[in-house]
Each structure stands twice: as structure tokens, then as C-alpha cells.
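Each chain, written out:
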Amino acid sequence: MASLQVSGVTVSFGGNRALDGVALTAEAGRVTGLIGPNGAGKSTLFDVASGLRRPSSGQVRLDGRDVTRARPSARARHGLARTFQRLELFGRLSVRDNLLVAAELGPERRRAEQVVTEILHRLDLTDVADTSPDALPTGVGRLVEVGRALAIRPKVLLLDEPAAGQDAEETERFAELLRALTEDGTAVVLVEHDMSLVMAVCDEVYVLDLGKIIAVGPPEVIRSDETVLAAYLGDA
Ligand SMILES: Nc1ncnc2c1ncn2[C@@H]1O[C@H](COP(=O)(O)OP(=O)(O)OP(=O)(O)O)[C@@H](O)[C@H]1O
């Protein structure tokens, strides 16, 4: 069964249809890419999936359960976590405490400290655990956001441009992390402008343009799809 299933989702801002009948399925143990030019509707789709925005029509299902009307906190309890394009970390808390706040909401809240120690180690953040995230370079801050998302032990993880601000070496390590997460059975949805990362880690790629899905397929097919090239890669 699909871990995340979005179907027929439409969102309008005034006369602007940001999403128009969008469907996307993310399976456990796979990385699903979501690409498209600026303003295509990618972040809006994440907002709908995570419950920050109610669509005018369409459905969101998590593990088969209809959560279209559920609050973001309820979706988090059902295993959905996300990161944001703009870092949304607590600057007054240490890196460790940023993760702890999330772990204490998750299914392993009784062993929250251990969960956090494990994630800090996994993301190579142990050395900065007592630092404020505000004092870290953006690329590392993004890892902290991913760590906070992981602290709720998500079944579905939505990542909004996680590699922005990372250097080539950080991005390569990040790609390894994504592969490891899928081995654990997580369904990852990746919004990313770094095409080499998308092509390297995604099992399937959805292309959104002006609120509509214009192509879906494995990365090697998407890379040479004429419609996609015209809409996106051509002007990237
Ligand atoms: N709060 C809002 N109010 C009005 N219009 C909005 C709002 N949020 C998004 N939009 C519009 O909806 C469309 C989709 O925006 P969205 O941010 O989802 O695109 P995106 O694909 O995530 O773009 P980017 O790659 O630049 O982040 C755009 O036309 C945008 O201007």
C-alpha cells in the first residue's frame, strides 16, 4: 500500500490555480522526486500533504487512511514529517534540543534522549549538538532540520530543497543518507533543484509545471522527456 497518496488536489490563490488536479503516490522504501520550475506548486503540494493548507478538492491518504481534514499534528502522529525550504529551527535552543522537542512527540518519546543521540550520530552532528542552529552554516542547518524530522520516526518524509546551501561533499553524504533511510522503509518525497541529486537518488520523478503534473517516470526517462525539457530542464 502507498505510504502517501495525494489525488485530485486543487488549490487556488485568487484566480491563480497553484495546483490543478494533482496526483502523487510515494511508496515505502523509495525516493520520489518532485521537480518543476519556480512557482510550479511544489511547496504548495507539501503544504497540502502536511496539513498546512486545505485543498478546495482532492484527497490526502497516509497508509490508506484519509487525512485530508486532519491537522498537521495528527498527520505527524500518523508518521508524516517535513522540512521547509526556509529553515524553521528554534534559534534559542541547541541543536540537540531542537531534535528533542520533536522526539518527545514521536512514538519513541520514552527513549527520546537515545533517539536524538542516535540521529545526531547518524547525521554527523554530534560535534555541534550543543550549538545554536543559528550559528551553523546553511548546509549544516538543513541537516539539523532533517534530523528534527527524523526524530518523530517518520514513515513518510517530505524534504523541501534539503541540499540547498550544501557543498558537493555534503550533498554526496546526503544522497547516502537518503538511500539509508529508504533501506529502513521510509517513503521519501524530495523537492530539489539540484538535478544531479534528483537523478542519483530518485526511484521515480514527478514533474510539476504551472500546477499540473506533466510527466512521471524513472529519472533516466524524465531526463530525456521532451515536454520536461521544454518546461523545465531546458531553461534550468
Ligand atoms: N500564500 C500564497 N498566496 C498567494 N499565492 C501563493 C501563495 N503561495 C504560493 N502562491 C503561488 O502559488 C504558485 C505555486 O507556488 P509554490 O511556492 O508552491 O511553487 P514552488 O514550485 O514551490 O516554487 P519554488 O521552486 O520557487 O519554491 C505560485 O504561483 C505562487 O506565486
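Residues numbered from 1 in each chain as written. Predicted model: local features only at pLDDT ≥ 70, side-chain atom pairs only at ≥ 80, totals over all residues.

- Within an unreviewed UniProt entry, the label attached to the chain reads ABC transporter ATP-binding protein, and the organism entered is Streptomyces hokutonensis.

### With respect to the overall build of the chain
Phase 1 of the analysis: Of regular secondary structure, the chain possesses 9 helices and 10 strands.
Phase 2 of the analysis: The C-alpha atoms of the chain give a radius of gyration of 17 Å, which matches the 18 Å a tight globule of 236 residues would have.
Phase 3 of the analysis: Along the longest, intermediate and shortest principal axes, the C-alpha atoms of the chain span 45 × 40 × 35 Å.
Phase 4 of the analysis: Looking at the chain residue by residue over its 236 residues, the buried ones come to 42%.
Phase 5 of the analysis: Relative to all contacts within the chain whose residues are 6 or more apart in sequence, the contacts with residues 24 or more apart total 64%. (Helix = DSSP H or I, 4+ residues; strand = E, 2+ residues; numbered from the N terminus. Rg over C-alpha atoms; globule rule 2.2 N^0.38 Å. Buried ≥ 20, exposed ≤ 12 C-beta atoms within 10 Å, placed from the backbone. Contact = placed C-beta atoms within 7 Å.)

### Brief notes about the domain arrangement of the chain
Phase 1 of the analysis: Parsing the chain into structural domains produces domain 1 (4-79 + 154-235) and domain 2 (89-153).
Phase 2 of the analysis: Each of domain 1 and domain 2 has a C-alpha centre, and these two points are 23 Å apart.
Phase 3 of the analysis: With 10 residues of domain 1 at the contact, the number on the domain 2 side is 9 residues.
Phase 4 of the analysis: Residues of the side of domain 1 that touches domain 2, tallied by class, amount to 6 nonpolar, 2 polar and 2 charged. (Domains from an automatic or database assignment. Nonpolar A, V, L, I, M, F, W, Y, C, P; charged D, E, K, R; others polar.)

### Some thoughts on the pairing of strand β4 (residues 57-62)
Phase 1 of the analysis: The pairing of strand β1 (residues 4-13) with β4 spans 5 bridges and is antiparallel. Of the residues in β4, the one forming a bridge with Thr10 is Ser57.
Phase 2 of the analysis: Bridge count for β4 against strand β5 (residues 65-66) is 2 bridges, and the pairing is antiparallel. Bridge pairing in β5 places Leu62 opposite Arg65.
Phase 3 of the analysis: Hairpin remark: β4 followed by β5, antiparallel, with 2 residues in the connecting loop; positive phi at Asp63, about 50 degrees. (Pairing = 2+ DSSP bridges.)

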